[in-house]
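Below are the chains, spelled out letter by letter.
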Amino acid sequence: MSSDHIAIAAPQLGAAERDRIAAVLESGMIADGPEVRGFEREFADYCGADHGVATSNGTTALHAALHALGVGPGDRVLTTPFTFIATANAVAFTGAEVGFVDIDPRTYNIDPDALEARLRAGEQVDAVIAVHLYGLPADMTRLTELAEEYDFLLVEDAAQAHGAEVEGRRVGSFGDAACFSFYPTKNMTTSEGGMITTNHADVAERAARFVDHGRVSGYEHAEVGHNFRMTSIAAAIGRVQLERLPEFTRARQANAAALTEYLEDSPVTTPHTPSDRTHVFHQYTVACDGIERDALKSYLDAKGISTGVYYPKPVHKQPAYEHLAVSAPVAEEAAERVLSLPVHPGLSEADVERVGTAVANYAEVAR
């Protein structure tokens, strides 16, 4: 149903999730346990990966994955500056040095050409975190080739890309490890939660140990670890959400296609999807090339349409990282131009029409 206010995100939770939670509560096993193991298996299978390790959130998934891959002091990890700060923070938590590579102006993902130029120049690169921003996979074909040629670890930050594909292969199955978030605004949720997927048994084993206090059995601890465990209640929600994920994805893609039609002749640039990739539209993000972004945002807010700016300040411009000497003009320009519109599966056709028409009408007047 259409409503007076259109939210930028709306978790889709219903009777099936409530029933699954009730069953877990009834069992009395509400912390880490069989429900979590089941979710790990099912999510890894969905991604086409051999192993899954559940965690408390997407940030702890990144931290644990990097630790499990042996990333630490003396290493250098490159990633995109156009991402949520957690991507860089996870590197800092390991004691490794973080560096940034500018983005492709059409996809907003890490630019493989810019990365290759740095590699050819002999820059130290021990690992690369490729972020699948807004639900569009990074160019994993090129990045995998570069990882093989220059011998660095490749990690996917797939926090926004559940079910996205590259040449028919789902994200979460590339590289040495991949990390997902199940925050309430993501394409599927566990309320809070994260997941590591990997095809390497030793990486999965070390990650699972690290998120459980370094435990190998009982009160035997092989290393210093954290309590990054997922609860059975969260896993119960996740298992139902995973079953519903294809339905959510179809709705997001249909809403995105409709928005693109409404905006076909407007001066905003609609999302670009390369032919080898499948976009799952965690966000539907336009670039305001012919109009002023903040003015459009205010106009939509006044009409009861929520929007988001992801992200208004690249990571290398954040106070925590601005001491680094980074040149990323494409990311900085994108941060001034992007605006995300509602695309979530809770929208009705009337909601989508209202959003698309409002943007198109404002853009026409502004032009």
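Residues numbered from 1 in each chain as written. Predicted model: local features only at pLDDT ≥ 70, side-chain atom pairs only at ≥ 80, totals over all residues. Heavy atoms only, no water.

**Here we look at the pairing of strand β9 (residues 194-198)**
Here's step 1: Along β9, five of the five residues are buried, which leaves the element largely enclosed by surrounding structure.
Here's step 2: Side chains Gly194, Ile196 and Thr198 project from β9 onto one buried face, and the interleaved Met195 and Thr197 project onto a second face that is buried too.
Here's step 3: As judged from the five bridges shared by strand β1 (residues 51-55) and β9, these two strands associate in the antiparallel manner. The residue of β9 that forms the bridge with Gly52 is Thr197.
Here's step 4: Here strand β8 (residues 177-181) runs beside β9; their pairing, made up of four bridges, is antiparallel. Paired with Ser181 across the bridge in β9 is Gly194. (Buried < 20%, exposed > 50% of the residue type's maximum accessible area, 1.4 Å probe, protein only. Helix = DSSP H or I, 4+ residues; strand = E, 2+ residues; numbered from the N terminus. Pairing = 2+ DSSP bridges.)

**Some words on the domain arrangement of the protein**
Here's step 1: For the protein, the domain assignment lists domain 1 (15-240) and domain 2 (245-366).
Here's step 2: On a C-alpha basis, the centres of domain 1 and domain 2 stand 25 Å from each other.
Here's step 3: Roughly 3200 Å² is buried in total at the junction of domain 1 and domain 2, and carbon and sulfur atoms are behind 63% of that figure.
Here's step 4: Applying the counting criterion to the domain 1 and domain 2 interface returns zero salt bridges.
Here's step 5: Counting every contact that joins domain 1 to domain 2 gives 16 residue pairs in polar contact (both at pLDDT 80 or more).
Here's step 6: For the side of domain 1 that touches domain 2, the elements supplying multiple residues, two or more each, are α4 (86-94), β3 (97-100) and β6 (165-166).
Here's step 7: When residues of the side of domain 1 that touches domain 2 are assigned to their parent elements, the largest contribution, three residues, is made by α4. (Domains from an automatic or database assignment. Buried area = accessible area lost by both parts, 1.4 Å probe. Salt bridge = Lys/Arg side-chain N within 4 Å of Asp/Glu carboxyl O. Polar contact = N/O pair within 3.5 Å; in protein donor to acceptor, adjacent residues only side chain to side chain.)

**Section: empty space enclosed by the protein**
Here's step 1: Applying the stated rule across the entire model yields two cavities of 30 Å³ or more.
Here's step 2: The space that makes up the largest cavity amounts to roughly 110 Å³.
Here's step 3: The wall of the largest cavity is formed by 18 residues, among which Ala10, Pro11, Thr185, Lys186 and Arg252 lie closest to the centre.
Here's step 4: Of the residues belonging to the lining of the largest cavity, the class tally is eight nonpolar, eight polar and two charged.
Here's step 5: When we break the lining of the largest cavity down by domain, the ones giving at least three residues each are domain 1 (15-240) and domain 2 (245-366).
Here's step 6: Its boundaries defined by the atoms lining it, the second largest cavity holds a volume of some 60 Å³.
Here's step 7: Surrounding the second largest cavity, Arg106, Thr107, Tyr108, Leu133, Tyr134, Leu136, Pro271, His272, His279, Gln283 and Thr285 form its lining.
Here's step 8: Taken together, the residues of the lining of the second largest cavity sort by class into five nonpolar, five polar and one charged.
Here's step 9: Composition of the lining of the second largest cavity by domain shows at least three residues from each of domain 1 (15-240) and domain 2 (245-366). (1 Å grid on protein atoms, 1.4 Å probe; cavity = no way out; pocket = protein on both sides within 12 Å on 5 of 7 lines; lining within 4 Å. Points joined across faces, edges and corners; volume = space filled by probe spheres on them. Nonpolar A, V, L, I, M, F, W, Y, C, P; charged D, E, K, R; others polar.)

**Digging into the pattern of salt bridges**
Here's step 1: Counting across every chain of the model gives 20 salt bridges.
Here's step 2: Across the pair Arg76 and Glu123 runs a salt bridge whose closest N-O atoms are separated by 2.3 Å. Of this pair, Arg76 sits in strand β2 (residues 76-79) while Glu123 sits in the loop between α5 (112-120) and β4 (127-131), placing them 47 residues apart in sequence.
Here's step 3: Residue Glu123 is classed as partly exposed on the basis of its relative accessible area, which comes to 25%.
Here's step 4: For Glu247, the salt bridge identified is with Arg244, shortest N-O distance 3.9 Å. Residue Glu247 and its partner Arg244 are both found in helix α8 (residues 232-262); the two are separated by three residues, about one turn of the helix.

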